Amino acid sequence: MADSKETQQKAASSSASPRVFELRFSGLGLLVAAVFFALSLTPSLLPRDALFQGIVSGITMTIGYGIGVAGEWLWKYLRLPVPERGSTTQRVIVGVAVVVVGLFTVWSIWRHVGWQNDARELLGEDPGSPTAWLMIVPVTLVVAGLILIISRSLRKLFRFLARWIEKVMPRRVARLLGGVALVVLVVGLVNGVLIEGFFAAANQVFSVRDTDTPEDVVQPENPERSGSPSSLVAWDTLGRQGRSFTGSGPTVDELNAFAGGGAAVPIRVYVGLKSADTLQGRADLVLEELKRTGAFDREVLVVATTTGTGFLEPAAMQSFEYLHNGNTAIAGVQYSYLPSWISILADQETTKETSRVVFSTVHDYWRTLPEDTRPDIYLFGLSLGSFGVESILTSINIVNEPIDGALLVGPPFVNDLWNEITETRDEGSPAWQPVYQEGRTVRFTALENALDKPTGEWQETKVVYLQHASDPITFFSGELAFSSPDWLLEGQRGPDVSDKMQWQPIVTMWQVAGDLAVAGGVPRGHGHLYKSAEYLDGWVGISRPDGWTDEDTSRLTELLDAKDIVDDSKD
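Residues numbered from 1 in each chain as written. Predicted model: local features only at pLDDT ≥ 70, side-chain atom pairs only at ≥ 80, totals over all residues. Heavy atoms only, no water.

Draft legend 1. Just the overall build of the protein chain, in detail. Assigned secondary structure in the protein chain consists of 18 helices and seven strands. Put simply, of all contacts in the protein chain between residues at least 6 apart along the chain, 72% involve residues at least 24 apart. Just so you have it, the protein chain exposes about 27700 Å², and 59% of that area is on carbon and sulfur atoms. (Helix = DSSP H or I, 4+ residues; strand = E, 2+ residues; numbered from the N terminus. Contact = heavy atoms within 4.5 Å. Areas by Shrake-Rupley, 256 points an atom, 1.4 Å probe, with all protein chains shown as cover.)

Draft legend 2. Representation of a negative patch on the surface within the structure. Negative charge collects at one region of the surface, where Asp416, Glu420, Glu423 and Glu479 lie side by side. With respect to the helices and strands, aspartate 416 occurs in helix α14 (residues 416-423). (Patch = residues over 30% accessible without salt bridge, like charges linked within 9 Å, V, L, I, M, F, W, Y side chains within 5 Å. Salt bridge = Lys/Arg side-chain N within 4 Å of Asp/Glu carboxyl O. Lys, Arg positive; Asp, Glu negative; His and termini not counted. Charge placed at Lys NZ, Arg CZ, Asp CG, Glu CD.)

Draft legend 3. Just the nonpolar core, in detail. The biggest cluster of nonpolar side chains holds 92 residues, and the ones touching the most others in it are Phe380 and Tyr535. In terms of residues, this core owes the most to one element, helix α10 (residues 314-323), which gives six residues. Among residues more than four places away in sequence, those in contact with phenylalanine 380 are Val302, Val303, Ala304, Thr305, Ala316, Met317, Val389, Leu407, Val409, Tyr535 and Trp539. (Core = buried A, V, L, I, M, F, W, Y, C linked by side-chain atoms within 4.5 Å. Buried < 20%, exposed > 50% of the residue type's maximum accessible area, 1.4 Å probe, protein only.)

Draft legend 4. Looking closely at the pattern of salt bridges. Counted according to the given criterion, the structure contains 14 salt bridges. Lysine 500 is paired through a salt bridge with aspartate 118; the nearest N and O atoms lie 3.6 Å apart. Separated by 382 residues along the polypeptide, lysine 500 in the loop between α15 (472-475) and α16 (507-515) and aspartate 118 in helix α4 (residues 88-123) bring together distant segments of the chain. In this structure lysine 500 comes out as partly exposed when scored by relative accessible area, which is 34%. Take aspartate 118: its relative accessible area is 26%, and that puts it in the partly exposed class.

Draft legend 5. Seen up close, empty space enclosed by the protein. Applying the stated criterion to the full structure yields three cavities of 30 Å³ or more. When its volume is computed, the second largest cavity comes out at roughly 60 Å³. As for the second largest cavity, its lining consists of Val303, Ala304, Thr305, Thr306, Val333, Tyr335, Thr354, Ser355, Val358 and Ile392. Listing elements by their share of the lining of the second largest cavity, those giving two or more residues are β2 (300-305) and α12 (348-366). The residue makeup of the lining of the second largest cavity, split by class, is six nonpolar, four polar and no charged. (1 Å grid on protein atoms, 1.4 Å probe; cavity = no way out; pocket = protein on both sides within 12 Å on 5 of 7 lines; lining within 4 Å. Points joined across faces, edges and corners; volume = space filled by probe spheres on them. Nonpolar A, V, L, I, M, F, W, Y, C, P; charged D, E, K, R; others polar.)

Draft legend 6. Region of interest: the pairing of strand β4 (residues 376-382). Counting buried residues in β4 gives six out of seven residues, a clear majority hidden from the surface. As paired elements, β2 and β4 share six bridges and run parallel to each other. If you follow valine 303 over to β4, its bridge partner there is leucine 379. Judged from the five bridges that link them, β4 and strand β5 (residues 405-409) form a sheet pairing that is parallel. The partner of phenylalanine 380 across the bridge, within β5, is leucine 407. (Pairing = 2+ DSSP bridges.)

Draft legend 7. Focus on the packing of helix α2 (residues 27-40) against α4. Orientation of α2 relative to α4, taken along the N-to-C sense of each, is 20°, at an axis distance of 8 Å. When the axes of α2 and α4 are compared, the pair comes out roughly parallel. Crossing geometry of α2 relative to α4 is assigned as left-handed. Contacts from Leu31, Ala34, Val35, Phe37, Ala38 and Leu39 of α2 reach α4 at Ala97, Val98, Val101, Phe104, Thr105, Ser108 and Ile109. (Axes fitted to C-alpha atoms, helices over the stretch in contact; angles between N-to-C directions. Parallel < 35°, antiparallel > 145°, perpendicular 65-115°, else oblique. Left-handed = near helix turned anticlockwise from the far one by under 90°.)

Draft legend 8. View of the sheet that holds β2. The strand order β1-β3-β2-β4-β5-β7-β6 describes an open sheet built from seven strands, whose pairing is parallel. Two strands lie at the open edges of the sheet, namely β1 (267-271) and β6 (442-445), each paired on one side alone. Within this sheet the neighbouring strands show an average axis-to-axis angle of 15°, counted without direction. Looking at chain direction, β5 and strand β7 (residues 462-466) are connected through five bridges and run parallel. The residue of β7 that forms the bridge with leucine 408 is tyrosine 465. Seen against the sheet, helix α7 (residues 239-246) touches β1 and β3 (328-333) and runs at an angle of roughly 170° to β1.

Draft legend 9. Quick look at α16. The set of residues buried in α16 consists of Val507, Thr508, Gln511, Val512, Gly514 and Asp515. Down the axis of α16, the buried set is contained in an arc of 155°. They therefore lie on one face. Turning to α16, the residues buried within the fold contact α2, α3 (50-77) and α15. (Arc of directions from axis to C-beta.)

Draft legend 10. Expanded view of the confidence of the model for the protein chain. Summarising the model, the protein chain shows a mean pLDDT of 88, and 87% of its residues fall at 70 or more. When the criterion is pLDDT under 50, residues 1-15 qualifies, and its contacts beyond four places in sequence or with other chains add up to five contacts. (pLDDT = per-residue confidence, 0-100.)

Draft legend 11. Quick peek at the environment of alanine 97. With respect to the element layout, alanine 97 can be found in helix α4. Along the primary structure alanine 97 and leucine 31 are separated by 66 residues, whereas in three dimensions their C-alpha atoms are 7.7 Å apart.

Draft legend 12. View of the pairing of β2. By the criterion of burial, β2 is predominantly enclosed, with six of the six residues buried. Here six bridges tie β2 to β3, and the two strands are oriented parallel to one another. Opposite valine 300, over in β3, you have threonine 328 as the bridge partner.

Draft legend 13. Representation of the side chain of threonine 361 within the structure. Tracing the chain through its elements places threonine 361 in helix α12. Polar contacts involving the side chain of threonine 361 include one to the side chain of glutamine 280, which spans 3.2 Å. Apart from residues lying up to four places away in sequence, threonine 361 is in contact with Gln280, Ala283, Asp284 and Leu287. (Polar contact = N/O pair within 3.5 Å; in protein donor to acceptor, adjacent residues only side chain to side chain.)

Draft legend 14. The arrangement of unusual backbone geometry in detail. Residue arginine 79 is not a glycine yet carries a positive backbone phi of 55°. By the secondary structure assignment, arginine 79 is in the loop between α3 and α4. Given the relative accessible area of 77%, arginine 79 is considered exposed. Unusually for a residue other than glycine, glutamine 437 sits at a positive phi of about 50°. Secondary-structure assignment places glutamine 437 in the loop between α14 and β6.

Encoded structure:
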């Protein structure tokens, strides 16, 4: 008799569960999903087009549905009171909830375009279309539907495994083992197949692209460049980004036109992944190239940590070379084929190790040179490159022979040193532009130069962080799911962050995560795209040459701004 009752309960439970393609939904799940959809339309750090907004909203909506389903299950599991089905109380509660949520959703759809246009105006972008919702709503439903189908399929697989195990074990044990088996299967599938397969495929794709050479780049003839006929590094081993770096840059004539004469050919040294078989071999090759080109006889030397693909931002490099009239040497080493947004997941340790080994190799030789004749030495890192630079700044190598300065641009949220400095900033300074220990060593700046704001005396070793308040690569955090960040405090948010943006539990984290994908698709001076003039401010702050004036900075800013416009027109 008991077995018959248990069988009926299992059958009822099975029939009560919606099938994969069945249009049956949790009422509370739908209400919470609608609320999350409405919240996903509120402004974030960066504006989004209709298609991408639909994708973000679809995923956010599904998260809300899952929370609603879980809440409904928990309520029933705890046997809390529920209005009788069909009763007046139930109809009133459901009716009020539907009306309130419905009005809130419609209001959010209506306000969305205005919110987005406010954000676009802050970034200098054109207004979006007022009919964007015609794309947003269907894309949201399609994305949410696909995710729901996948989740229901997994649940069906769980039930299948549980029923199969029930044949030889008690029901509760079978369900436990079925759940464990499903988790192991999914985790194994994701980690062992999807993630590793993705990294392997991405590495293959980008390694092929690394063999290309940009159309406007040709092999340099100057011996001051890696890849030239005089170089120890073969041109075809530099990689796409290395060839772009050594095959471009300001000419002596261009430098003289600005400075009035006396310019030198800027030294650009680069070693690609294919230039040597080992990391130490690549580091040794960099040192030999620096010696060959006479880099240690120049006024300043920059050891740069590249981004994932080996990229060195032209705006940063040329602003430094103009500042010092070409009496410079810049060295970089490629450590990956992958772009930074993939490398930040797969190559963090590789980035650290490459930065430390290359710097140690160069620094150990540099420190043996006479202090009065060797060049000033600086570090540079953009995005994931700044992650590598931080590993140098926190190493023991520079204690006895400190560097002269470092410029870290667009630091990603994984940077430990940046996080520590931001969290322990001086009281009253905003999170997006903190002041740390009165700015004696580390200072922050952005589109508007703020390096003179700290009151402390800047010491000989100067470190500058250049970051935008609207850069999600810097300000994303998993803590956004459950707590409001300091950079959203009223009166302390950055100039290009909408005052309409408000923190929402879970939703804000996913919104900013979505912003990561478009951080490089905004106008320069916002998000993760930095202007030549901003790089110049940072370089002037840490390496101002003798006799350099604010008027010189203004003249060079005007020249570099024009170059930014030309470069952007090529994209």
